[in-house]
Amino acid sequence: MSSDQLIQLLGTCVVACPALLLATLGVSSLAGWPLRERTMSRLTQAAVVTGLLASISILALMLITDRRLIDLGLGHWLAIEEQHLHFTFKFVFDRLSVPFVILSFALCGVTGAFASKYLHREPGYRRFFVLYAMFLLGMVVTSLAGTIETLFAGWELVGLSSALLVGFFHERSAPVRNGLRVWTVYRVADAAFLLATLALHHLAGGGDFVGLMGNSPWPAGHAALTTNQALFVGLLLLVAAAGKSALVPFSGWLPRAMEGPTPSSAIFYGALSVHLGAFLLLRFGPLLEASPLLCIAVVVLGFVSAIFGAIAARVQTDVKSALAFASLTQVSIIFVEIGCGLRYVALIHIIGHACLRTLQLLRAPTLLHDYHDLENAIGGHLPQQATVWQRIVPASLRRQAFRLAFERGFFDTLLGDYCVRPLLGFFRLCDAMERRWTSFLAGRTSRDANPLQATGGVADDLQ
């Protein structure tokens, strides 16, 4: 077997392992064939370990053969020659995708092992691991995507599993409301991503990263777009990245996402999912090089979000929310590094930060217990010293900053009043007009109940 054939086999194995895991767990759940906890845990472990070993083997072969870019194409799914549109499903292995997919398998494996014990005899154990498998597949597809439509498919799998796991404890109202909030913000980010996808297909005739970013392997390459085109597409991608990574003004959903189980909080919003926005900008790095204004926008957004995250993390009343805003601070700094052109620094920062936050969030359930043990050992509260900011910042300014941070920048209120409610009102109006028109065509003399009243609780659920 030649090296090319071996790489093709290993690459297929990397993608097939999480896909088979999702298919096995999903079909057994849908068919009413409940698997034992130990069986599900072993299947998950086998899929993660096999995919991880295949990814490491590909990395070793790339280093031995000195290859920096490997394509794994699955053919054209749609080709419109008249419009020069080509939709392909392809995976690439390069210096960005291989480290990220290895990180995904490693952290998902650690979290899966933790969850198998943490959720032991939990009624939703099977449901958690089905969504976990969906998330793993989404991360692998997103990391290895060779076309923008492939990346969008993985992006959607990650978003869907994230929102469903935020509302995992659906017998309570708070997780359901917060899951709806997360899904709403994701819809805004996905809409921007979809518009960027359509714009790239219109401007370049396809979504292949090799064609869009040049034939040079990452991080080299040049965008096949003009400066203005790169700015337009890049701003759409920046909105998508900001929504997925909870940057300002979308930061309100990040602490809400902590309503989910601790394993999902660790792997999603501390380790992998929260870094997908930065990964997206790294993948489209040549667009940033083609537009200095886009680089400035990325740096400014990252700088503002880092300041907000650092302030908000200091006033949270629970450890998971504090860690969530601490993650926001680091992710924002990563955005600044990307905007400054420090691609490898940003990639190393992502890997290190993801590993640290996974450890901290998995450790969070026992942190308070250890804290109380320390207080009992010393016979009182742990001493607190004034920080340098308390000594140099005036008290009036500190109070204003505290209120802003405690209310989480009022971003939830602003988005709800000026984005969500107007859109809901518009769609309700369209629904009412459609109902009146269909009633008129049907010749009915009496109308149904007012659809505005029937859907009145949607906006309240988003608060």
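Cut-offs applied
Residues numbered from 1 in each chain as written. Predicted model: local features only at pLDDT ≥ 70, side-chain atom pairs only at ≥ 80, totals over all residues. Heavy atoms only, no water. Helix = DSSP H or I, 4+ residues; strand = E, 2+ residues; numbered from the N terminus. Buried < 20%, exposed > 50% of the residue type's maximum accessible area, 1.4 Å probe, protein only. Polar contact = N/O pair within 3.5 Å; in protein donor to acceptor, adjacent residues only side chain to side chain. Contact = heavy atoms within 4.5 Å. Salt bridge = Lys/Arg side-chain N within 4 Å of Asp/Glu carboxyl O. Expected span 1.5 Å × (residues − 1). Bend = angle between axes of the 7 residues up to and from the residue.

Undergrad: How would you summarise the side chain of Thr147 if you had to cite specific residues and measurements?
TA: Structurally, the position occupied by Thr147 is in the loop between α4 (125–144) and α5 (148–166). Thr147 gets classed as buried once you look at its relative accessible area, which sits at 0%. Of note is the side chain of Thr147, whose polar atom sits 2.6 Å from the side chain of Thr150. Ignoring sequence-local partners within four residues, the contact set of Thr147 consists of Thr88, Lys90, Gly207, Asp208 and Phe209.

Undergrad: Requested: an account of the pattern of salt bridges, with residues and values cited.
TA: All told, the structure shown has 10 salt bridges when counted by the stated rule. The residue Arg343 makes a salt bridge to Glu289 at a minimum N-O spacing of 3.7 Å. Here the residue Arg343 occupies a position in helix α15 (residues 343–378), and Glu289 occupies one in helix α12 (residues 285–290), the gap between them amounting to 54 residues. Residue Arg343 is classed as buried on the basis of its relative accessible area of 7%. When the shortest N-O distance is used, the salt bridge between Asp417 and Arg421 registers 3.7 Å.

Undergrad: Describe in detail the environment of Leu287, supporting the description with residues and values.
TA: Mapping Leu287 onto the fold places it in helix α12. Leu287 gets classed as buried once you look at its relative accessible area, which sits at 1%. Taking the C-alpha atoms as reference points, Leu287 and Ala224, 63 residues apart in sequence, are found 8.8 Å from one another.

Undergrad: Which residues make up helix α1 (residues 3–30), and what values do they have?
TA: Helix length check: α1 (28 residues) gives 40 Å between terminal C-alpha atoms against 40 Å at 1.5 Å per residue, within 8%. When the local axis directions of α1 are compared, the greatest deviation, roughly 30°, occurs at Ala16, which is followed within four positions by the proline Pro18. Inspection of α1 places Ile7, Leu10, Gly11, Val14, Val15, Cys17, Pro18, Leu21, Leu22, Leu25, Gly26 and Ser28 among the buried residues, and these make up the whole buried set. Looking one or two residues past α1, Gly32 carries a phi angle of roughly 75°, positive in sign.

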